[in-house]
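# Structural features, examined
So the chains spell out like this:
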Amino acid sequence: MALSGVQIFKLLPKTNCKKCGHPTCLAFAMKLAQRQASVDACPDMSDESRGLLGAAAEPPIKTVTFGAGPHVCTMGEETVLYRHEKKFVRPTVIAVRIADNQPDAGIHAALADVLNSEIDRIGQKLRIDAILLDYVSGNSARYQQLLEMVMAQAPDVPMILSVQDADVAETALRSAGTKKPLLHGVIADNFEAMSQVALKHKVPAGIIAQGLDAVAQLAEKVKGIGVSELVIDSGARTAGVVLRDNTLARRAAIKKNFKALGYPVITFAGRDDAMLETLVAMTGIAKYSSIVVLNRSEQWRNLALFTYRQNIYTDPQVPMQVEQKIYKVGEPTPESPVIITTNFSLTYFIVAGEIENCRVPVWLAVMDCEGMSVLTAWAAGKFTPAKIAQFIQESGLPEQLTKKELVIPGYLAILSGALEEKLPGWTVTVGPREANALPAFLKNRPQ
Amino acid sequence: MAFTEPKEAFPGSIYDVTFGTERTVTFGGEHGLAFHGFEGAAPHLPVIAFEVQDSLPDDWPEAVHDVYAGVSGDPAVWARFCQDELKAQAIALRLLSTHPDREDRPAADAAKTVADVLDAVSVPIIILGSNHVEKDAEVLVAAAEAAKGRKCIIGKAQEKNYRTITAAAMANDHLLIALSELDINLCKQLNILITQMGYARERIIIDPMCSALGYGLDYTWSVMERIRLAALAQNDAVMQQPMLADVGMYAWKTKEAQAPEAELPRWGSLKQRGIAWEAITAGSMLLTGAELLIMRHPEAVASLQQFIGELSAADER
């Protein structure tokens, strides 16, 4: 559990000796609380205090990784329950389940969907992050074939091996070599054998039991055998149980320092109904699942879930930004107007969306203002006539236009005079104050 | 290590709201966070209202426009279709034609539309203006009078027009939506201003301003979460109203709900994409505490109803 600065201060020598590089013990305590200093910087702390602070410095949700290579999946390390308190740090891994009891054609098709899943959104490349290989055939040779197909066709995609038979797991892990899959298959009946397999191959293990109490007890036993990287599955399969179990587990880990549930959570969202599956997956993304497993990966769902994950895991303190450039909305001509705005992603999306909807072609000039909205950027001196003029002149736009008209946001009508002076040959028009008035503005102006 | 479930009991709770006369619907009343029935009473499920407007939905994408193709010319017929065929729990009538940039129809026309719709259906009605601050003040006063005695929800009252709209709601015995733009402090301030006029705080519904998936949903998420925590954990009596999410108009305006698959093949089926956009936006609002949703596509609504059923059943493994 994270300690407050004052709680930490009580454990320090209170000598204000400055050996740690901070002026006082209290200042050092505050830095420790913000995780901006190391306990080791204090040479005079008692061993007891050092032990207490060391334990407190461990993240309440353990860091667990699986996969190898460029797309390794890292989970855990979360410190809060609500995203307005502090950023959620490790975006939910979105995995697709592929079962071994289907014809090869079905497996190839599912793999093709995964490999073809990458979408670019606000400069982030988003894709299905992992494949869960589900052992349901009861035929270990068939599972081995599935594993070989996945490794041949999707060698860079991290794997989750869903197997509860220790012998099958051993064979599969031997084939997987250094790929470090997550072995999801430790249950009460097999935990000793499975733990040994996970230990031997140095892979993280998924702990499966019905309910939080049972899963916590089993996790303790597996940890006792020496497997430290764990993922927990409390058997939650419906939205209400996912919400309940995930909330209670996250709270126990963060607020009560309950280590036996301080692990990433895996959630199985699979359903016959694709839309319901999407909504259960959404619940996992919003409410603390580190892995969400889907049955299928249609493109429309990928786009929706990737976008949702981006929304939830964005840093609430840092605005999302889009790239500074001239965006074409529709098919603008040398006669089309130029509309300028800032690069706060929300501003951009709303302005671009309104223009698109009214189907009037426009050059949309998006200027880098460090992700600030129009009024904030203006107040901060980032969106001034001189800077706007420089951006427009250097954008390459003037050479492409025969009619040079620049539309500025209505709230900054005050800039129009200065801007016309700095942009000779241009007409500066004051646009509407709100983006939702843009369609009427664009449609009703003289052509 | 023995595990004790870390359940939380909050000092505050949410007001419940009942609207309608012939048929009534009640929502709100929770003693905990959304769908946390395992630790605090959640006596009512969220309610979904179908959106109907008094202006042709020409700007709605095909997938949702076509659903109402035969009925959208007449708001009373449209509302009846939602009630009888789609089994709507409630109807949200948006008086969009009154907007100066649309048809700029006068308040008297809107009052007539309201009367016609109320005659046509028995489910409870939400009456919305066109979100034009000045015009709404006129239109909603006339609409509130036309709906007197039917205990509707009217709105949206905003900082610049709340006085007239609140007075109309008070005089005609309606509930009131208070809209603030993604700011917990403005939300609180508007509630205070409205109650200072003598309007009961238990009759307000908070609209913290919806935003669509990918278009600021994260802002709405955190504002709603903070409003709800203020109501429950800090027991702030000014913020203990149920919340509205006006989902459909935001979700169906996005590029993702409109761009054809031919243009963006990596985005997949346009129809499913649009429905998913509305369903996820709405589902996310539910998770942060919305008790009243306004939606458009019947398939998205049906999925949400299934989802609500699942969310409220945390004891069924």
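Below you will find a few notes about this structure. (Residues numbered from 1 in each chain as written. Chains lettered and ligands numbered in written order. Predicted model: local features only at pLDDT ≥ 70, side-chain atom pairs only at ≥ 80, totals over all residues. Heavy atoms only, no water.)

### Quick word on the overall build of chain A
Scanning chain A from terminus to terminus reveals 17 helices and 17 strands. Taking the principal axes of its C-alpha atoms as reference, chain A extends roughly 80 × 70 × 35 Å. The 447 residues of chain A split such that 54% are buried. If you take every contact in chain A between residues at least 6 apart in sequence, the share linking residues at least 24 apart comes to 66%. Of the roughly 18200 Å² of accessible surface on chain A, 52% is carried by carbon and sulfur atoms. Positive and negative charge centroids in chain A, built from 47 and 45 side chains respectively, lie 6 Å apart. (Helix = DSSP H or I, 4+ residues; strand = E, 2+ residues; numbered from the N terminus. Buried < 20%, exposed > 50% of the residue type's maximum accessible area, 1.4 Å probe, protein only. Contact = heavy atoms within 4.5 Å. Areas by Shrake-Rupley, 256 points an atom, 1.4 Å probe, with all protein chains shown as cover. Lys, Arg positive; Asp, Glu negative; His and termini not counted. Charge placed at Lys NZ, Arg CZ, Asp CG, Glu CD.)

### Observations regarding the overall build of chain B
Of regular secondary structure, chain B possesses 10 helices and 10 strands. Looking at chain B as a whole, 61% of its 317 residues are labelled buried. Taking all contacts inside chain B whose residues are at least 6 apart in sequence as the whole, residues at least 24 apart take part in 68%. By element, 50% of the accessible surface of chain B is carried by carbon and sulfur atoms, the whole surface being about 11200 Å².

### Overview of the sheet that holds strand S9 (residues 205-208) of chain A
Residues and elements named next belong to chain A. Ordered by their spatial adjacency, eight strands build an open sheet running S10-S9-S8-S7-S6-S3-S12-S11, and the pairing between neighbours is parallel. Both outer strands of the open sheet, strand S10 (230-233) and strand S11 (266-268), are each paired with one neighbouring strand and no more. Taken over all neighbouring pairs, the strand axes of this sheet differ in orientation by 25 degrees on average, direction set aside. With five bridges connecting them, strand S3 (residues 93-99) and strand S6 (residues 130-134) associate as parallel partners. For Val-96, the partnering residue across the bridge sits in S6 and is Ile-131. (Pairing = 2+ DSSP bridges. Axes fitted to C-alpha atoms, helices over the stretch in contact; angles between N-to-C directions.)

### As for the packing of helix H4 (residues 133-146) of chain B against helix H5 (residues 162-171) of chain B
Residues and elements named next belong to chain B. The N-to-C vectors of H4 and H5 enclose an angle of 0 degrees; their axes lie 9 Å apart at closest approach. Put simply, H4 runs roughly parallel to H5. For the pair H4 and H5, the contacting residues are Asp-136, Ala-137, Leu-140, Val-141 and Ala-144 in the first and Thr-164, Ile-165 and Ala-168 in the second. Considered class by class, the residues forming the contact of H4 with H5 number six nonpolar, one polar and one charged. (Parallel < 35°, antiparallel > 145°, perpendicular 65-115°, else oblique. Nonpolar A, V, L, I, M, F, W, Y, C, P; charged D, E, K, R; others polar.)

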